[in-house]
Amino acid sequence: RWVMVNTALKPYSGMVEIQAALPARACFVDGSGAKLATQTTASGACLVSLPMVPALGYQTVYELENPEGDVLAGNPAARDDLLRVDSAKNTIENAWIKVAVGPDGALNLIDKVNKVTYSNLAIFEDGGDAGDTYNTSYPRHDLVLTSRGQKAEIRFLEAGPLRARLVIKQHLRIPRELAPDRTTRSSETIILPIHTTVTVEANSALVKFHTAVSNTARDHRLRVLFPTGIQTTVSHAETQFDVVTRPISPQRYDD
């Protein structure tokens, strides 16, 4: 038996990863004997979809030999609580969202609950930076480059039914540094490798990102863009004792 302890102050339901060598025909059941959906991960661990675990409580699951074979009997694609993955089209879908990864690594996200589509998410943008350690300062003649339209390498690490993970490998060619006068970027370029792992789980409306950048350049700012489509002229930012309203476009100034 395996005891899952919830140390949070609210109930938990979701995935638990069991790092143990398990028999090939093992399955898991809860205290009532109901079978729990499982998935073998790329590392050989076992993902188990847990029912509700009480706040500051525990849930015990039992490992049994499964003579029937697949615990997900029938057609997994017909179950709303599981993922539907199409590795040929680079799409992942659950009950709440559908994610499609384009050839350049950008994501299109469909919010199925609110019927809203967000396009061109997670595009990388690189520009020059002539500032100090703390403050960004654009060079007088900047060159801004993006991953938009550049071919990315996309590969699935896991393809469901409880968790899907894919890695997006991108290689941006950017200036090596600023020119000696620091008013423009140099003509010499280098490759900036960016590897992003995208994770979607069956029982979650979240899209999780883990990005690793091998920073081979100087004097630059790399950021990732998530356009929302919101039309506004100001932003509201929380500070220690206030919520501050600022214009989204820099104001003109005399230096």
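About the cut-offs
- Residues numbered from 1 in each chain as written.
- Predicted model: local features only at pLDDT ≥ 70, side-chain atom pairs only at ≥ 80, totals over all residues.
- Heavy atoms only, no water.
- pLDDT = per-residue confidence, 0-100.
- Contact = heavy atoms within 4.5 Å.
- Phe/Tyr/Trp six-rings, centres within 6.5 Å; stacked < 30°, edge-to-face > 60°.
- Helix = DSSP H or I, 4+ residues; strand = E, 2+ residues; numbered from the N terminus.
- Buried < 20%, exposed > 50% of the residue type's maximum accessible area, 1.4 Å probe, protein only.
- Pairing = 2+ DSSP bridges.
- Axes fitted to C-alpha atoms, helices over the stretch in contact; angles between N-to-C directions.

Asks: Please explain the confidence of the model for the protein as it appears in this structure.
Replies: Any region with low pLDDT has predicted coordinates that should not be read closely. In this model, the protein carries a mean pLDDT of 89, and residues with pLDDT of at least 70 account for 94%. Scored below 50 in pLDDT, residues 70-78 makes twelve contacts in the model with residues more than four places away or belonging to other chains.

Asks: Explain the packing of aromatic side chains to me, please; I cannot follow it from the model alone.
Replies: Working definition: an aromatic ring pair is given by the centre-to-centre distance plus the angle between the planes. By the definition in use, this model includes one aromatic pair. With 5.5 Å between their ring centres and 75° between their planes, Phe209 and Phe226 make a pair best called edge-to-face. Taken together, the residues span a long stretch of sequence, with Phe209 in strand 18 (residues 208-213) and Phe226 in the loop between strand 19 (220-225) and strand 20 (234-238) at a distance of 17 residues. Among the residues examined, Phe226 registers a relative accessible area of 41% and is labelled partly exposed.

Asks: Can you help me understand the sheet that holds strand 12 (residues 116-121) in this one?
Replies: In any sheet, the strands associate via hydrogen bonds between backbone groups, in a parallel or an antiparallel arrangement. Pairing within the open sheet is antiparallel, and its five strands lie in the order 8-9-10-11-12. Both edges of this open sheet fall to strand 8 (84-86) and strand 12, since each of them pairs with a single strand only. Strand after strand, the sheet turns through a mean of 10° between neighbouring axes, direction not considered. Pairing geometry for strand 9 (residues 91-93) and strand 10 (residues 97-101), over three bridges, is antiparallel. By the bridge assignment for strand 10, Ile92 is matched with Val99.

Asks: How do you make sense of the sheet that holds strand 13 (residues 123-128) when you look at a structure like this?
Replies: Reading across from one edge, 14-13-19 is the order of the three strands in this open sheet, with antiparallel pairing throughout. Of all strands in the sheet, those bounded by a partner on one side alone are strand 14 (145-146) and strand 19. Judged from the two bridges that link them, strand 13 and strand 14 form a sheet pairing that is antiparallel. Paired with Asp126 across the two strands is Leu145, which belongs to strand 14.

Asks: Honestly, the side chain of Ser147 in this entry has me stumped. Any pointers?
Replies: Structurally, the position occupied by Ser147 is in the loop between strand 14 and strand 15 (153-159). Setting aside anything within four residues of it in sequence, one finds Ser147 in contact with Asp104, Ile123, Phe124, Gln170 and Leu172.

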